[in-house]
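A look at the structure
Letter by letter, the chains look like this.
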Amino acid sequence: MGLMAGIAVGLLGIGGGIVLVPAMVHLLHMDQHLAQGTSLFILLPPIGLGALRQYWKAGNVDLRAGILCATGMILGAYLGGKIAVPLPTNVLKGLFGGFLVFSSALLWIKAEPVQTSASSPKAAGA
């Protein structure tokens, strides 16, 4: 499960929790809280270091933006954990699932193919 999540992180630039949490809930029959906490533990050491190395080598890392976002993520993750832990499991599952559906919808909308007209250079064989 960890290898597949790692491949998804490097390939798609997604957080491993998007793969790990549903897998732990459905395949390992974990409670949502336990799955999310375990996912955080799993991702803490390797969180993208392998993929980051490749992107860094290719010059595709904005160091300033990364530091600013990472600082915000540390504070935000702490606050998010303070909110999530006391929530009932069904509410937490609903929030997690709703986030995945929302994210999927945004990606789906953005992935719609561009319509080309018959008069465009590409359609004319140029």
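Residues numbered from 1 in each chain as written. Predicted model: local features only at pLDDT ≥ 70, side-chain atom pairs only at ≥ 80, totals over all residues. Heavy atoms only, no water.

1. Notes on the overall build of the protein chain
Across its full length, the protein chain carries 6 helices and 0 strands. Looking at the protein chain as a whole, 16% of its 126 residues are labelled buried. Here the analysis covers contacts within the protein chain between residues at least 6 apart in sequence; of these, 45% occur between residues at least 24 apart. When the accessible surface of the protein chain is split by element, carbon and sulfur atoms take 73% of a total near 9700 Å². (Helix = DSSP H or I, 4+ residues; strand = E, 2+ residues; numbered from the N terminus. Buried < 20%, exposed > 50% of the residue type's maximum accessible area, 1.4 Å probe, protein only. Contact = heavy atoms within 4.5 Å. Areas by Shrake-Rupley, 256 points an atom, 1.4 Å probe, with all protein chains shown as cover.)

2. Regarding the nonpolar core
Counting residues in each nonpolar core, the largest one holds 8 residues, listed as A5, L20, V21, M24, V25, A35, L43 and F96. Breaking this core down by element, the ones donating at least two residues are α2 (17-26) and α3 (32-43). Here the element with the most residues in this core is α2; it accounts for 4 residues. (Core = buried A, V, L, I, M, F, W, Y, C linked by side-chain atoms within 4.5 Å.)

3. Brief notes about the environment of P86
When you line up the elements, P86 lands in the loop between α5 (63-84) and α6 (89-110). The class of P86 is exposed, set by a relative accessible area of 63%.

4. A short note on the side chain of S39
Within the fold, S39 resides in helix α3. By relative accessible area, S39 is classed as buried at 3%.

5. With respect to the environment of A84
With respect to the helices and strands, A84 occurs in helix α5. Between the alpha carbons of A84 and L95 there is a distance of 9.8 Å; along the sequence they are 11 residues apart. Apart from residues no more than four positions distant in its own chain, A84 is found in contact with H33 and L92.

6. Some points on the confidence of the model for the protein chain
Interpreting fine coordinate detail is not advised for predicted regions of low pLDDT. The share of residues in the protein chain with pLDDT of 70 or more is 87%, and the mean pLDDT across the chain is 82. The lowest-confidence element of the protein chain is helix α1 (residues 2-12), averaging 72 in pLDDT; the highest-confidence one is α6, averaging 90. (pLDDT = per-residue confidence, 0-100.)

7. Here's the deal with a nonpolar patch on the surface
Nonpolar side chains collect at one region of the surface, where L49, L52, Y55, W56, V61, L63 and I67 lie side by side and expose about 680 Å² of accessible area between them. Those elements giving two or more residues to the nonpolar patch turn out to be α4 (49-57) and α5. Tracing the chain through its elements places L52 in helix α4. (Patch = residues over 30% accessible without salt bridge, like charges linked within 9 Å, V, L, I, M, F, W, Y side chains within 5 Å. Salt bridge = Lys/Arg side-chain N within 4 Å of Asp/Glu carboxyl O.)

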